[in-house]
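Breakdown of the fold
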Amino acid sequence: MPLYEHTFLARQDVTQAQVETLMKEFSGVIEEGQGKVTKQEYWGVKTLAFKIKKNRKAHYAFFNIEAPPAAVAEMERRMGINGDVIRFLTVRVEGLETEPSVMMRKQDREDRPERGGFGGGRGFGGPRGDRPPREGGFRGGDRGGDGGSTFRARPPREGGERPPRDGAPRGPRPPRDSNPGSEG
């Protein structure tokens, strides 16, 4: 029987209990079609990369499915009708993972205490620690030598000022019109 990984997103304003009810409903659809859901995971509420149907966040749910294509098509049809489901994706795979998914392992990692104190072990003074500030760059300072910006000031021209254009001497500019745009 074909194997599938299926993820769906539910609206942010439904409760976790309602999402779990949706998960039971959709796994029931798969079982009605002579298939089985081998793993279910609720990944929680996560921020979306962009708004989907006026939602900034969504509840994520994941299934490992072993079912005929007709059962998966029926589940997707019902998800399309359901107003609480904003997106879903089903991918056919060669084999199903039995251990927890990457998203569940990520939550385990967040439960552990941070290593090395404030700032991830780089010292108490923020990301730079106790290093002196770097000279150069666009903040001023010494522009030479020790690694600042690659920008270098242009050396002054020999002979002072710029030569006139087209050989014609430059005179004073004509006065500007005080009311631009009023051609008259």
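Here, the structure is the one placed above.
Residues numbered from 1 in each chain as written. Predicted model: local features only at pLDDT ≥ 70, side-chain atom pairs only at ≥ 80, totals over all residues. Heavy atoms only, no water.

Description of the packing of aromatic side chains
Under the defined criterion, the tally for this structure stands at three aromatic pairs. Seen from their ring centres, Phe-8 and Phe-26 are 5.7 Å apart, and the 80° between their planes marks the pair as edge-to-face. Within this pair, whereas Phe-8 is found in strand 1 (residues 3-11), its partner Phe-26 is found in helix 1 (residues 16-32), the two being separated by 18 residues in sequence. According to the relative accessible area criterion, Phe-8 is buried, its value standing at 0%. Judged by centre distance (5.2 Å) and plane angle (15°), the rings of Trp-43 and Phe-62 are stacked. Of this pair, Trp-43 sits in strand 2 (residues 36-52) while Phe-62 sits in strand 3 (residues 55-66), placing them 19 residues apart in sequence. (Phe/Tyr/Trp six-rings, centres within 6.5 Å; stacked < 30°, edge-to-face > 60°. Helix = DSSP H or I, 4+ residues; strand = E, 2+ residues; numbered from the N terminus. Buried < 20%, exposed > 50% of the residue type's maximum accessible area, 1.4 Å probe, protein only.)

A few points about the sheet that holds strand 2
An order of 2-3-1-4 is seen for the four strands of this open sheet, with the pairing classed as antiparallel. Two strands lie at the open edges of the sheet, namely strand 2 and strand 4 (85-93), each paired on one side alone. Across the sheet, the mean angle separating the axes of adjacent strands is 20° when strand polarity is ignored. In terms of strand pairing, strand 1 meets strand 4 through eight bridges, oriented antiparallel. Paired with Tyr-4 across the two strands is Arg-92, which belongs to strand 4. With respect to the sheet, helix 1 is in contact with strand 1, strand 2, strand 3 and strand 4, its orientation differing from that of strand 2 by roughly 130°. Against the sheet, helix 2 (residues 69-81) engages strand 1, strand 3 and strand 4, with an angle of about 165° to strand 4. (Pairing = 2+ DSSP bridges. Axes fitted to C-alpha atoms, helices over the stretch in contact; angles between N-to-C directions. Contact = heavy atoms within 4.5 Å.)

Topic: the pairing of strand 1
Burial analysis of strand 1 places seven of its nine residues in the buried class, which makes it a mostly covered element. Relative to strand 3, strand 1 runs antiparallel, the two being bridged by nine bridges. Following the sheet pairing, Leu-3 is matched in strand 3 by Glu-66.

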